[in-house]
Amino acid sequence: MSGRDEVLVSVEGVFKHFPIKQGIVFKREIARVHAVDGVDLRVHRGETLGIVGESGCGKSTLARCVTGLHPVSAGRILFEGTDITRLSRAGLKAFRRDVQMIFQDPYGSLNPRRRVGSIIGDPFAVHGIASGADRKKRVQELMELVGLNPEHYNRFPAEFSGGQRQRIGVARALALRPKLIVCDEPVSALDVSIQAQVINLLNDLQDELGLTYLFIAHDLSVVRHVSDRVAVMYLGRVAESADGEDLYAGPRHPYAAALLSAASVADPDEAERTERIVLIGDVPSPIDPPSGCRFHPRCPKAAPRCVREDPELVSRPGDRADHLTACHFPVEPGERLAELQAAIAQVSTEPDLPEVEQ
Ligand SMILES: Nc1ncnc2c1ncn2[C@@H]1O[C@H](COP(=O)(O)OP(=O)(O)OP(=O)(O)O)[C@@H](O)[C@H]1O
Ligand SMILES: [Mg+2]
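Remember, it's a predicted structure, so these values are computed and weren't measured experimentally. (Residues numbered from 1 in each chain as written. Chains lettered and ligands numbered in written order. Predicted model: local features only at pLDDT ≥ 70, side-chain atom pairs only at ≥ 80, totals over all residues. Heavy atoms only, no water.)

Visitor: Report on empty space enclosed by the protein, specifying residues and quantitative values.
Guide: Counted by the stated rule, this structure contains two cavities of 30 Å³ or more. One number sums up the size of the largest cavity: a volume of about 70 Å³. Lining the largest cavity we find His253, Pro254, Cys293, Phe295, His296, Cys299, Lys301, Ala302, Cys306, Cys327, His328 and Phe329. Per-class residue counts for the lining of the largest cavity are eight nonpolar, three polar and one charged. (1 Å grid on protein atoms, 1.4 Å probe; cavity = no way out; pocket = protein on both sides within 12 Å on 5 of 7 lines; lining within 4 Å. Points joined across faces, edges and corners; volume = space filled by probe spheres on them. Nonpolar A, V, L, I, M, F, W, Y, C, P; charged D, E, K, R; others polar.)

Visitor: Quick rundown of the pattern of salt bridges? Include the residues and the values.
Guide: A complete count under the given rule lists 21 salt bridges for this structure. Residue Glu29 is joined to Arg32 by a salt bridge in which the shortest nitrogen-to-oxygen separation is 2.6 Å. Overall, Glu29 belongs to the partly exposed group, its relative accessible area being 39%. A salt bridge links Glu80 to Arg45, with the shortest nitrogen-to-oxygen separation between them at 2.9 Å. One end of the pair, Glu80, is in the loop between strand E4 (74-79) and strand E5 (82-83); the other, Arg45, is in the loop between strand E2 (28-44) and strand E3 (48-52), with 35 residues separating them in the sequence. By relative accessible area, Glu80 is classed as partly exposed at 36%. Salt bridges sharing partners connect three or more residues here, namely Glu6, Arg45, Glu80, Asp98 and Lys179. (Salt bridge = Lys/Arg side-chain N within 4 Å of Asp/Glu carboxyl O. Buried < 20%, exposed > 50% of the residue type's maximum accessible area, 1.4 Å probe, protein only. Helix = DSSP H or I, 4+ residues; strand = E, 2+ residues; numbered from the N terminus.)

Visitor: Just give me the short version of helix H3 (residues 116-126), but keep the residues and values in it.
Guide: Where H3 is concerned, the buried positions are Val116, Gly117, Ile119, Ile120, Gly121, Pro123 and Phe124. In this fold, the buried residues of H3 make contact with helix H4 (132-145) and helix H5 (162-174). One or two steps after H3, the chain reaches Gly128, where phi turns positive at roughly 55 degrees. (Contact = heavy atoms within 4.5 Å.)

Visitor: So what's going on with the side chain of Thr67? Which residues, and what values?
Guide: Position of Thr67 among the secondary structure elements: in the loop between helix H1 (59-66) and E4. Classification of Thr67 by relative accessible area gives buried; the value is 5%. Once you skip the residues sitting within four places of it in the chain, Thr67 turns out to touch Phe95, Arg96, Val99, Met101 and Val182.

Visitor: Give a detailed account of the layout of surface pockets, specifying residues and quantitative values.
Guide: What the second largest pocket holds in volume is close to 450 Å³. Taken together, 20 residues form the lining of the second largest pocket, with Arg96, Val99, Gln100, Met101 and Pro123 sitting closest to its centre. Taken together, the elements giving at least two residues each to the lining of the second largest pocket come down to helix H2 (89-98), strand E6 (99-102), H3 and H5. For the lining of the second largest pocket, a count of residues per class yields 10 nonpolar, six polar and four charged. Of the domains in this structure, domain 1 (1-20 + 33-98 + 178-227) and domain 2 (117-172) are the two that each give at least three residues to the lining of the second largest pocket. (Domains from an automatic or database assignment.)

Visitor: Hey, could you go over the site of ligand 1 for me, with residue numbers and the actual values?
Guide: Lining the immediate environment of ligand 1, one finds 13 residues, of which Ser55, Gly56, Lys59, Ser60 and Thr61 sit closest. Ser55 places a polar side-chain atom, nitrogen or oxygen, 2.5 Å from an oxygen atom of ligand 1. Within the backbone of Cys57, one N or O atom sits 3.2 Å away from an oxygen atom of ligand 1. Elements that contribute at least two residues to the shell around ligand 1 include exactly E2 and H1. Top contributing element to the shell around ligand 1 by residue count: H1, with three residues. (Near = heavy atom within 4 Å. Polar contact = N/O pair within 3.5 Å; in protein donor to acceptor, adjacent residues only side chain to side chain.)

Visitor: Please give an account of the pairing of E2 that cites residues and values.
Guide: As paired strands, strand E1 (residues 7-22) and E2 are joined by 13 bridges and run antiparallel to one another. Within the sheet, the bridge partner assigned to Val9 lies in E2 and is Val43. What sits between the antiparallel neighbours E1 and E2 is a turn of five residues, in which Gly23 has the positive phi angle 120 degrees. (Pairing = 2+ DSSP bridges.)

Visitor: Can you explain the pairing of E1? Please cite residues and give values.
Guide: For a regular strand, side-chain orientation follows a simple rule: the groups alternate between the two sheet faces. As judged from the five bridges shared by E1 and E4, these two strands associate in the antiparallel manner. Bridge pairing in E4 places Val9 opposite Phe79.

Visitor: A description of the nonpolar core should follow, citing residues and the corresponding values.
Guide: Counting 56 residues, the largest nonpolar core has Ile120, Val146, Ile168, Val170, Leu174, Ile181 and Leu205 as the members making the most contacts within it. Aside from chain neighbours lying at most four places away, what touches Leu174 is Leu142, Leu145, Val146, Ile181, Leu205, Leu209 and Leu211. By size, the runner-up hydrophobic cluster in this structure holds 29 residues, among which are Val36, Val39, Ile84 and Val238. (Core = buried A, V, L, I, M, F, W, Y, C linked by side-chain atoms within 4.5 Å.)

Visitor: Break down the confidence of the model for the chain for me, with residues and values.
Guide: On average, residues of the chain score 87 in pLDDT, and 88% of them are at 70 or above. Predicted confidence is poor over residues 345-358, with pLDDT under 50, and the contacts of this stretch with residues over four places away or in other chains come to 15 contacts. (pLDDT = per-residue confidence, 0-100.)

Visitor: Can you explain the sheet that holds E6? Please cite residues and give values.
Guide: The pairing of strands in a sheet comes from backbone hydrogen bonds and takes either a parallel or an antiparallel form. Read from one edge of the open sheet, eight strands run E6-E7-E8-E3-E9-E10-E12-E11, paired in mixed fashion. The two strands at the open ends of the sheet, each matched to only one other strand, are E6 and strand E11 (314-315). With four bridges connecting them, E6 and strand E7 (residues 180-184) associate as parallel partners. Across the sheet, Met101 pairs through a bridge with Val182, a residue of E7. Along the sheet, H1 makes contact with E3, E6, E7, strand E8 (212-216) and strand E9 (229-234), crossing E7 at roughly 160 degrees. Where H5 meets the sheet, its contacts fall on E6 and E7, and the angle it forms with E6 comes to roughly 175 degrees. (Axes fitted to C-alpha atoms, helices over the stretch in contact; angles between N-to-C directions.)

Pasting the structure below:
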């Protein structure tokens with residue numbers, strides 16, 4: 001645990017908006033997608049920070065900002081203390097050696113016409129590192145490290161199964177011994193039995209090589225298994241972040257509580273013990289996020305203040321300093337949100353009761 005106090009990545013007030021343009025000759029901006037809308041996060045050296053949240057909440061966009069693939073609209077991302085959003089071309093090239101990405105789709109992310117040996121050796125070619133027999137030797141070592149047969153060096157991706165292809169992606173990501181690996185849904189496309197193998201491989205590699213992971217997934221049980229800390233995102237923001245054990249034992253943000261309650265239903269033993277909170281309504285559009293707390297239209301605890309005031313992501317009284325929640329009325333221990341929600345659903349049809357927008 002020793003290196004875990006050292007901050008490797010610090011995401012500070014990061015925004016990433018995508019303009020939507022219309023017009024044939026003169027394109028003008030008609031709206032913008034607030035994909036990432038003021039995110040603060042820290043990743044410590046040697047840990048895995050899991051990021052969860054519903055589809056479209058900005059997880060991949062944030063991942064792309066952290067790896068330098070997307071320029072940010074505002075804010076800073078410090079990597080070992082250097083702001084990577086303002087790097088020169090040379091600086092960016094050096095940074096790209098330290099940070100690698102593993103993608104969701106092991107089928108689409110590998111060029112089918114290239115041999116596996118040359119795919120894994122790509123980073124060496126890009127950075128002009130090893131060549132010829134030396135490169136081949138290094139690639140075969142990487143193949144062995146991730147559990148692939150080095151003799152399959154000359155095969156094409158189509159000759160490998162989904163799990164093996166993801167191992168190819170992992171080997172390529174490891175080639176330059178990066179400090180941070182951003183895994184964007186690395187096992188979502190794999191069969192459940194294969195998921196465990198790839199996750200175990202990532203865990204073993206982390207221990208062996210001292211890697212730091214930013215691990216994105218929508219499957220909370222996967223995130224729980226791999227993460228030291230977890231950040232829950234909602235509509236471009238972090239709703240709650242905490243030590244994994246802390247978060248799963250007592251989520252404070254009603255959205256995090258709802259997500260966790262939905263996930264635990266899959267486990268029959270836990271479903272007996274846990275209440276289930278069903279979120280009302282769909283995720284609002286990131287083009288026009290709700291005022292105040294952007295979760296308020298779906299929140300069982302929403303009050304007039306939530307419509308007006310945007311809650312800060314801070315540690316709440318009684319919580320550990322690293323347990324941060326962006327909520328005016330966090331869930332208290334023992335509080336039964338499902339009952340509260342049922343009550344609100346009943347009264348929300350009456351005119352002057354809580355200002356909950358539906
Ligand atoms: N290049 C782009 N141009 C315009 N809008 C974009 C672009 N990339 C992402 N978006 C929008 O930004 C929002 C966040 O998308 P993002 O892919 O980051 O979400 P996500 O949390 O990774 O979702 P998923 O779980 O489905 O992968 C979405 O509304 C998406 O449509
Ligand atoms: Mg995504």
